[in-house]
Structure formats: C-alpha cells, structure tokens
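Secondary and tertiary structure notes
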Amino acid sequence: MNTIVLLSSDTVLLAQLQAAFARQAADMHVVLANAPEAAHAQVAACWFPPSGSLKALPQLKLVHSVAAGIDHLQSDPSLPDLPICRVVDPAHRQGMTEYVRWAVLNFHRGFERVLQQQRERLWQRHPQRSAADFKVGVMGLGSLGAAIAQDLSGAGYSVRGWARSPKELTYVACHHGNEQFNDFLIGLDALVNLLPLTPATQGILCRSTFQRLAKDAVVINCGRGQHVQVDDLQQALNSGQLRGAVLDVFEREPLPVDDRLWNMPGVIITPHMASAASHDCIAQQVALNARCLANGEPLQNLVNIDLGY
Ligand code: NDP
C-alpha cells in the first residue's frame, strides 16, 4: 500500500486532509509525521512543512505541495532534491475569478469611495467610466492568470497580460519577458498580480512598477506577500500615484495585529482567501501522483524546479 505523510504545523488542516484522503483515496495509507509508518512514506503532502521534517523521511521520492504555489516548501531548509508537484484545482480558477472580478469592479465603479462617503454622510456622485476605458493588466498567465484575464476581457475591460513566455489569448493583449514589461505596464488603471514567488518575481510590485501605471491606479495582489515592497507601496499611496490596493497575501500570515498595512489609507486587506483548492481535490491529486509514482507513470502538475514554479 502507498504511504503518504502529511507535513504541516497547521493541525486543523492536517485533520481536514486526513478526512479528505479517507473519502477520496481509501487505498492510500495516510499518516502524520509522528507515526512510525512515516518512515516508509514515498510521498510527502506539504503545507509549510516544519523545519527538518523532510530530512526525516528516508524513503521519500516525491514532495507534493497541497497548494498551487510551492514557495511555502522553503519553511523546511532540509527540502531534498526530489521531484515537486503542486495542486491545480479547476475550482481554484472559479474562486480566483470571483475575487479578482470583485476587486476590479470595486475600483472601476468607485465603490471604495462611496463606502467612505457613507461614513461621512456625504451624497456625491462620480462620473461613470466604461469598462472598455478601464485598462487592467494581469501579471502571470498560467493556470489562474489566463482564466482571470479572459474573464475580465469578457466583462468588457481592456485587458493586457504578461508572462515569461509568449501567449495568445482571445481579446487579451499579451506581453512577455522583461523587455516587454514596460509596454505592459504603461498607463494601466489596475494591476493584478498572479505570479508565483520566485527569485525573478520577488519584490516586483515596487516603485518603478507603480510609476509606470496611470496616476490614480490600483494594485490587486493575489500572488504572494513578498511580491510587494511595502515601503514603495506606502509611498505610492501617499503621493497619489496609487489610489488603492487590495492585498490578499502577506509576507507573514496571519498578518500581525501591529502591522502598518492594517491601517494604511487606501488598502483593503483580505485573509489569504482569494481561492483555495478543496481538500477533496488535494487528496485526489496527491493520491493520483502517488499511484503514478508507484507505477512508474508520468507525474501530474510537476514543477520546473529550475524556474521555481
Ligand atoms: P502557474 O505556474 O500556472 O502560472 C504562473 C504564471 O506566471 C505563468 O504564466 C508564468 O509564465 C508566469 N511567470 C512566472 N515567472 C515569471 C517571470 N519571471 N516573468 C513573467 N512571468 C512569469 O501558476 P498559477 O496560475 O497556478 O498560480 C499563480 C500564483 O498564484 C501561485 O504561485 C500562488 O502564489 C498564487 N495563488 C494565490 C492564491 C490566493 O488565494 N491568494 C491561491 C492560489 C494561487 P509562463 O506561462 O511563461 O511560464
């Protein structure tokens, strides 16, 4: 029987995943790190694996992220040089689409302004702007970003996209590579980040990026907290270069109660809720890869370790 070990310090998540594996993959032997059978595990399903936990698994052949991203695996410096897979849940796209649609619409129609006006009992109408006149850029055109760019273009927005390699998406002006980053950014009203966190993308939401957007632009960060240079964001908001930001992800999560972002004018904070893979989907995909591994078949959603995503 295939043995899968679950590695995380989030005990609630561990219990939820165990229940999901029992529902979706009864043929798998799923254990926690402290079980003696963990020594036989060939697959580790991880969410912020505790430091040293991977090194303690002598039979390990596959590290599986239980999320779309793999950056959280760095929480264990003993991460071995083994194949890494991630979860790609179609329902992820739906959740992310809903979240980004809300965030873009919030700024496009100025709801954040009128909510503030209500607090001040101020009745003031603002000119209505057409979606076609509102330029949205999506950074990252992968499993999530491509779906988001197409959804926004279907809603009538003027949409640009940016990825590492060339892309073709209907009604989305696609750009790629560092050399086209400037053309992608210039004059955008809203910038949506759906990049993975890698050495090449860390800190990409910085002063020089904000300066290229339209004055009064907004930023929506659904990638990772380390994509944002917070000092630069604060300065751009203070100077009026940016009108607002929706932030779903943070360098430290939960966001500490004394973090300056909580009270930064123009910033809307959400608790890393844009989209989550379902526990059942995680169990299905990890179990599928455990079977592929045992049968010598190609692994699904394999990460390119050199690129870091
Ligand atoms: P994918 O790996 O499918 O797509 C990543 C995209 O980013 C690709 O289009 C890739 O380009 C592009 N990219 C990577 N590096 C660069 C670079 N240096 N320059 C330009 N483009 C680059 O990832 P997903 O769409 O599945 O997920 C994206 C990220 O979203 C995750 O890594 C995670 O951080 C975040 N996320 C956040 C969630 C939340 O709830 N807030 C939920 C789920 C994910 P190319 O296509 O050319 O390779």
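Residues numbered from 1 in each chain as written. Predicted model: local features only at pLDDT ≥ 70, side-chain atom pairs only at ≥ 80, totals over all residues. Heavy atoms only, no water.

So, the packing of helix 1 (residues 11-24) against helix 8 (residues 279-295)
- Contact pair helix 1 / helix 8: the axes reach a minimum separation of 8 Å and the direction vectors enclose 65 degrees. Two packed elements cross with a definite hand, and for helix 1 against helix 8 that hand is right-handed. On helix 8, the residues that touch Leu13, Gln16, Leu17, Ala20, Phe21, Arg23 and Gln24 of helix 1 are His279, Asp280, Ile282, Ala283, Gln284, Val286 and Ala287.
- Along the lines of polarity and charge, the residues of the contact of helix 1 with helix 8 split into 8 nonpolar, 4 polar and 2 charged. (Axes fitted to C-alpha atoms, helices over the stretch in contact; angles between N-to-C directions. Helix = DSSP H or I, 4+ residues; strand = E, 2+ residues; numbered from the N terminus. Left-handed = near helix turned anticlockwise from the far one by under 90°. Contact = heavy atoms within 4.5 Å. Nonpolar A, V, L, I, M, F, W, Y, C, P; charged D, E, K, R; others polar.)

Some thoughts on unusual backbone geometry
- Of note, the bond from Glu253 into Pro254 is cis; its omega dihedral lies within 30 degrees of zero at -5 degrees.
- Despite not being glycine, Arg121 has its phi angle at roughly 55 degrees, a positive value.

Comments concerning a nonpolar patch on the surface
- Taken together, the side chains of Leu105, Phe111, Val114 and Leu115 present a nonpolar region at the surface, about 320 Å² in accessible area.
- Considering each element in turn, the nonpolar patch owes the most residues, 3 residues, to helix 3 (residues 111-119).
- Along the chain, Leu115 turns up in helix 3.
- Looking at Leu115, the relative accessible area reads 46%, which means it is partly exposed. (Patch = residues over 30% accessible without salt bridge, like charges linked within 9 Å, V, L, I, M, F, W, Y side chains within 5 Å. Areas by Shrake-Rupley, 256 points an atom, 1.4 Å probe, with all protein chains shown as cover. Salt bridge = Lys/Arg side-chain N within 4 Å of Asp/Glu carboxyl O. Buried < 20%, exposed > 50% of the residue type's maximum accessible area, 1.4 Å probe, protein only.)

With respect to the site of the ligand
- Around the ligand lies a shell of 30 residues, among which Arg86, Leu144, Ser165, Lys167 and Tyr309 are the nearest.
- Interatomic distance of 3.1 Å between a backbone N/O atom of Cys222 and a nitrogen atom of the ligand.
- Within the side chain of Tyr309, a nitrogen or oxygen atom sits 2.5 Å from an oxygen atom of the ligand.
- Coverage of the ligand by the protein amounts to 92% of the 940 Å² it exposes when considered alone.
- Broken down by secondary-structure element, the contributors of at least two residues to the shell around the ligand are helix 2 (90-108) and strand 7 (158-163). (Near = heavy atom within 4 Å. Polar contact = N/O pair within 3.5 Å; in protein donor to acceptor, adjacent residues only side chain to side chain.)

Focus on the environment of Arg125
- Tracing the backbone shows Arg125 in the loop between helix 3 and strand 6 (135-139).
- Counting along the chain gives 161 residues from Arg125 to Val286, while the straight-line C-alpha distance between them is 52 Å.

Some details on the pattern of salt bridges
- The tally for this structure, following the rule as stated, stands at 10 salt bridges.
- For Asp27, the salt bridge is made with Arg291, and the minimal N-O distance between the two is 3.0 Å. Of the two residues, Asp27 sits in the loop between helix 1 and strand 2 (29-32) while Arg291 sits in helix 8, which places them 264 residues apart along the sequence.
- Judged by relative accessible area, which is 28%, Arg291 ranks as partly exposed.
- Here the salt bridges share partners, and the residues they tie into one network are Glu112, Arg113, Asp216 and Arg243.

Here's the deal with the domain arrangement of the chain
- We note that the domain assignment places domain 1 (3-89 + 277-295) and domain 2 (93-269) within the chain.
- Placing the centre of domain 1 and that of domain 2 at their C-alpha centroids yields a distance of 32 Å.
- Every contact between the two is made by 5 residues of domain 1 and, on the other side, 4 residues of domain 2.
- Summing both sides of the interface, domain 1 and domain 2 together bury roughly 400 Å²; the carbon and sulfur share of this comes to 46%.
- Looking only at domain 1, the three residues that lose the most surface to domain 2 are Asp71, Val88 and Asp89, adding up to 71% of its buried area.
- For the pair domain 1 and domain 2, the interface holds 1 salt bridge. (Domains from an automatic or database assignment. Buried area = accessible area lost by both parts, 1.4 Å probe.)

Some details on the pairing of strand 3 (residues 43-46)
- Every second residue of strand 3 is oriented toward a common face, with Val43 and Ala45 on one face and Ala44 and Cys46 on the other, all of them buried.
- Strand direction decides the pairing type here: strand 1 (residues 3-7) and strand 3, joined by 4 bridges, are parallel. Residue pairing in the sheet places Ile4 in a bridge with Val43 of strand 3. (Pairing = 2+ DSSP bridges.)

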